[in-house]
Amino acid sequence: RPAQSALGGPLPLPPARVPERRTPARCHAPRHPGRHAALHSGPSALPAGELRQPGVNRLTQTLVPVPLSQPLGGPGPAQLSPSLAAMSLQSSTPEALRVVNLLQERNLLPPIPIPPPTPCLQQDLQKINCNPEVFRSTLTSIPQTQSLLNKAKMPLGLLLHPFKDLSQLPVVTSSTIVRCRSCRTYINPFVSFLDQRRWKCNLCYRVNDVPEEFMYNPVSRSYGEPHKRPEVQNATIEFIAPSEYMLRPPQPAVYLFHSSTWSHNAVETGLPERLLLPGDSRTKIGFVTFDSTIHFYNLQEGLSQPQMLIVSDIDDIFLPTPDSLLVNLNECKELVQDLLKSLPTLFQKTMETQSALGSALQAAYKLLLPTGGRMSVFQTQLPNLGVGALQSREDPNQRASAKDVQHLSPATDFYKKLALDCSGQQVAVDLFLLSSQYCDLASLGCISRYSAGSVYYYPSYHHQHNPAQVECFQRDLKRYLTRKIGFEAVMRIRCSKGMSIHTFHGNFFVRSTDLLSLPNVNPDAGFAVQMSIEENLDDMQIVSFQAALLYTSSKGERRIRVHTLCLPVVNSLSDIFAGADVQAITGLLACMAVDRSATASLSDARDAMTNAAIDSLASYRQSVLSIQQPGLLAPACLRLFPLFILALLKQKAFRTGTSTRLDDRLFAMCQLKYQPLVYSMLMIHPALYRVDDLSDEGALNINERTVPQPRVLQLSVEKLSREAAFLMDAGTVMYLWVGRSCQPAFLTQVLGVSSYAAVPDNLHLLPELDTAESQRTRAFIGWLRDQRTHHVDESQLKPTFMQNMIEDRTESALSYYEFLLHLQQQISK
Amino acid sequence: MAFTFAAFCYMLALLLTAALIFFAIWHIIAFDELKTDYKNPIDQCNTLNPTVEKVKKIKRIKIAIKLVLPEYLIHFFFCVMFFCAAEWLTLCLNLPLLAYHVWRYMSRPVMSCPGLYDPTTIMNADILAFCQKEGWCKLAFYLLSFFYYLYGMIYVLVSS
């Protein structure tokens, strides 16, 4: 039997298990000598064969120590295995810490999209660790103390995408869901089994008993191996929740469509006649429209056509009939379809210019009060009547001001309060703004932000003059109606003892210190949290984080989706820098800057972002670099950090000096907080590809389609050339830039036109031509589009394209090189 | 022993400071309840902020019957009284707190009712920590001023 170590767990597995394939120099966290005191007597003495003892969990909380220097009082490297000895004597810096002089090296972008960094863990732990697309940390090596974190000057946080559409999701139906007795953590792959009957929680270190049912493994039909059960083998898992997890019987899917009378043209083009809403036989649907009065629709079974009931007292809303305003979708299908067909014609000749959105929202809230559900609000103008009326606060002359931008915070708290009431009754409000004028998104956006809804914004929407937006809206609406949805959800994020979460970013309401109330959860929502280290993590080698999402599926089943992430703890600044995830840091900084611009001011937020870059690079220079060279030095893992900060400063959300509509700016801020990281990064730093010379070299083979993989280029005009065509992927929009002297082959074979002059101005879909180039181009664009869940349209808007050329100088902003010089100046001060 | 206006001021201040100490303790308990999950932010902020319906009932005088405004008004009342009684030292000691109250009220989040706490941001750890510290500091200040007024009252009673 393995000897017990001082920590009460089995001794870590011997060094012989260290995989050879891991780059030797990548991970060398020097460990506390004291922690190895109990170690050295054990494993080296055990021959490898004795390890396969029953009852020893292979997935124990172990980490092979890779000491850089000899531990005090322990045996020297000679007693450790040869591979380990070789590792400990190497002194080369890992790839992540390679020093890069940003002023000299110009081509920093890797040719492929940047992968997330791998945490420096033992291989079998890392293999089952949570997918970084779902759960990601800004620092993949957690500092041991808060003072060490402060020295590194980088934010520590987690970015989550918990409800992402996953292709493989293990679902467990079990009568008992095993959880820790004190901290209520779900059992996960990173717990340690002390023997067959007891397990130790990896978040609070309490020893719990394994229940009898858990000893039986239904997958392999074996008894006595609790560590082989799927809950302990997968970091992402879904449980079917028993009735203790329900406050009330699971609610049916309830959808309410709420639109102002002018949105009908939009809604009519968008809502398909056959609504494929996720749900089962209990799904309910309702419609409300409003202008200066509120119109309800009686869709009771048995009526020959839908009946409209008008309530004109907007100060004291009441529901005209107690039921039959929200009807069962399956039973009243024909009535619903009739209503959808006739809605646009009902209000065609309306002369109303007033909009009583606030009262209409209150009415809709009353309708959804008993069950909860989702409200989709389509709004085309500023609400100017009744409660919640808003004024036009934007001054068009101030759009391009170089000073501070005003009116970024809500004008009234009516929408916030209503959102909180909705959140309490499990109603989520999604807002679709289809407007060409100012709509005060700062105030209206609150209704979605605190009720876990989403905001969709289509500036300059017009169903005749702007077909690109119309198509965008239609596709987005289709995705919105058919995507997976979870009702009456709550999410709890737990972390190991010693760490705590202090700020949350995203669309939800924080009900208590780590409990987020999400009336609706959807696969396009991302969340971010900031953490701090309350107690020193001295004795721990790894820390874990668990996000548990309890929701009701659209079929009325109560489910719990659990994601667990495990990260190592390190003691030195160089290891912290080696494990920095530059994309996650940028995403978290963007969320923090949005908060700062609402509470303080926009210029404050801009300064804070620049200071983040300055501080982290200065800290690197002072503490980690041994030789001081001239120039702006950065570790290889952070080499793109100044570029991303500059991209953020030039983003629509934060830029000054360029004319930006206030609603556009606010929508960009909403998106930075709401979107999952991968889309935010594309929004911040779009990917640029050259598409006129696509070849099959290095192409990927997906589903029998060859998808070419062109190189990612830097966002600078010097990379563009007149003889080529380029595609810029900015997340929700793709831009195609065709050079003036572009090869005619490209023009004819891909775009279907004979010369440059004939390229149509608002082409928003590539024509499907039968040539190889066209197929390749479309395959590539299709592959990029498939990785997105929302509609991507292609457009040829030159100004927006040029605005995304981040590395260049504009009248009001610095070029990339100048920004680097500015950083260097600040650091050397 | 002459019962001057100053003595009367001190006596009243003594009694009202007891009320202020009670408010400060209520404040501390409320934030502790929030922090330990005993209550949720919406209910707690409704307790701490005056609610709109109740304010509407008392039409003319918008007296907030909840926590925040009474405390500020009472403290303002003290300052006015000490000003009238020409007790300059005491007035100077209370002026910083008065300035702090004014600043705190001016920089509150946008709200339709007179209140200081926004349920959506109150759970942020830094805001919560700030409010808790504020509670403790105020408690300490009110306790000290209680004893100071006691001393002042006796001094004024005896010395005139």
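Just so it is clear, the model here is predicted, and its values are computed rather than measured.

Visitor: Give a description of the sheet that holds strand S6 (residues 192-195) of chain A that names residues and reports values.
Guide: Residues and elements named next belong to chain A. Taken in spatial order, the three strands make up an open sheet running S6-S7-S8, and their pairing is antiparallel. Strand pairing shows two members of the sheet lacking a second neighbour, S6 and strand S8 (207-209), which therefore form its edges. The sheet shows a mean angle of 35° between the axes of neighbouring strands, direction not considered. Looking at chain direction, strand S7 (residues 198-200) and S8 are connected through three bridges and run antiparallel. In the sheet register, Trp199 faces S8, and the bridge partner there is Asn208.

Visitor: I'd like a rundown of the confidence of the model for chain A, residues and numbers included.
Guide: Residue and element names in this part refer to chain A. Per-chain confidence: chain A averages 77 in pLDDT, with 76% of residues scoring 70 or above. For chain A, the element scoring lowest by mean pLDDT is helix H1 (residues 82-89), at 38; strand S4 (residues 157-160) scores highest, at 94. Ignoring residues within four places in sequence, the model shows residues 1-92, a span with pLDDT below 50, making 122 contacts including any to other chains.

Visitor: Tell me what's going on with the packing of aromatic side chains, and back it up with residues and numbers.
Guide: Residues and elements named next belong to chain A. Enumeration over the complete set of coordinates arrives at 30 aromatic pairs over all chains. Ring centres of Phe432 and Tyr456 lie 4.7 Å apart, and the angle between their planes is 5°; on these two criteria the pair is classed as stacked. With Phe432 in strand S18 (residues 427-435) and Tyr456 in strand S19 (residues 455-459), this residue pair connects regions lying 24 residues apart in the sequence. Residue classification places Phe432 among the buried positions, given a relative accessible area of 0%. Its relative accessible area of 13% is what places Tyr456 among the buried residues. With a centroid separation of 5.4 Å and an interplanar angle of 65°, the aromatic rings of Phe577 and Tyr620 are classed as edge-to-face. One end of the pair, Phe577, is in helix H12 (residues 573-578); the other, Tyr620, is in helix H14 (residues 602-624), and 43 residues separate them in sequence. Grouping residues by exposure puts Phe577 and Tyr620 together as buried.

Visitor: Tell me about the confidence of the model for chain B, and name the residues and values.
Guide: Residue and element names in this part refer to chain B. In the predicted model, chain B carries a mean pLDDT of 78, and 81% of its residues have values of at least 70. Taking the mean pLDDT of every element in chain B, the minimum, 36, falls on helix H3 (residues 52-57) and the maximum, 89, on helix H6 (residues 125-159). Contacts from residues 51-65, a stretch scored under 50 in pLDDT, to residues over four places away or in other chains number twelve contacts. For this predicted complex, the interface confidence reaches an ipTM of 0.76, while the overall pTM sits at 0.81.

Visitor: Just give me the short version of the interface of chain A and chain B, but keep the residues and values in it.
Guide: Between chain A and chain B, the contact holds 17 residues from the first and 16 residues from the second. Of the roughly 1,400 Å² buried between chain A and chain B, counting both surfaces, carbon and sulfur atoms make up 58%. The largest share of the area that chain A buries against chain B comes from A:Asp413, A:Phe509 and A:Thr513, three residues that together contribute 30% of it. For the interface between chain A and chain B, the tally reads zero salt bridges. Listed by contribution, the elements that provide at least two residues to the side of chain A that touches chain B are helix H8 (414-424), strand S21 (499-505) and strand S22 (509-512) of chain A. Of the residues forming the side of chain A that touches chain B, the biggest block, four residues, is contributed by S22(A). Counted by class, the side of chain A that touches chain B contains seven nonpolar, five polar and five charged residues.

Visitor: Lay out helix H7 (residues 357-368) of chain A in plain terms, naming residues and giving numbers.
Guide: In a regular helix each residue adds 1.5 Å, so twelve residues correspond to 16 Å; H7(A) covers 16 Å between its end C-alpha atoms and thus fits that length. In terms of residue burial, H7(A) counts as a mostly covered element, since ten of its twelve residues are buried.

Parameters and conventions
- Residues numbered from 1 in each chain as written.
- Chains lettered and ligands numbered in written order.
- Predicted model: local features only at pLDDT ≥ 70, side-chain atom pairs only at ≥ 80, totals over all residues.
- Heavy atoms only, no water.
- Pairing = 2+ DSSP bridges.
- Helix = DSSP H or I, 4+ residues; strand = E, 2+ residues; numbered from the N terminus.
- Axes fitted to C-alpha atoms, helices over the stretch in contact; angles between N-to-C directions.
- pLDDT = per-residue confidence, 0-100.
- Contact = heavy atoms within 4.5 Å.
- Phe/Tyr/Trp six-rings, centres within 6.5 Å; stacked < 30°, edge-to-face > 60°.
- Buried < 20%, exposed > 50% of the residue type's maximum accessible area, 1.4 Å probe, protein only.
- Buried area = accessible area lost by both parts, 1.4 Å probe.
- Salt bridge = Lys/Arg side-chain N within 4 Å of Asp/Glu carboxyl O.
- Nonpolar A, V, L, I, M, F, W, Y, C, P; charged D, E, K, R; others polar.
- Expected span 1.5 Å × (residues − 1).

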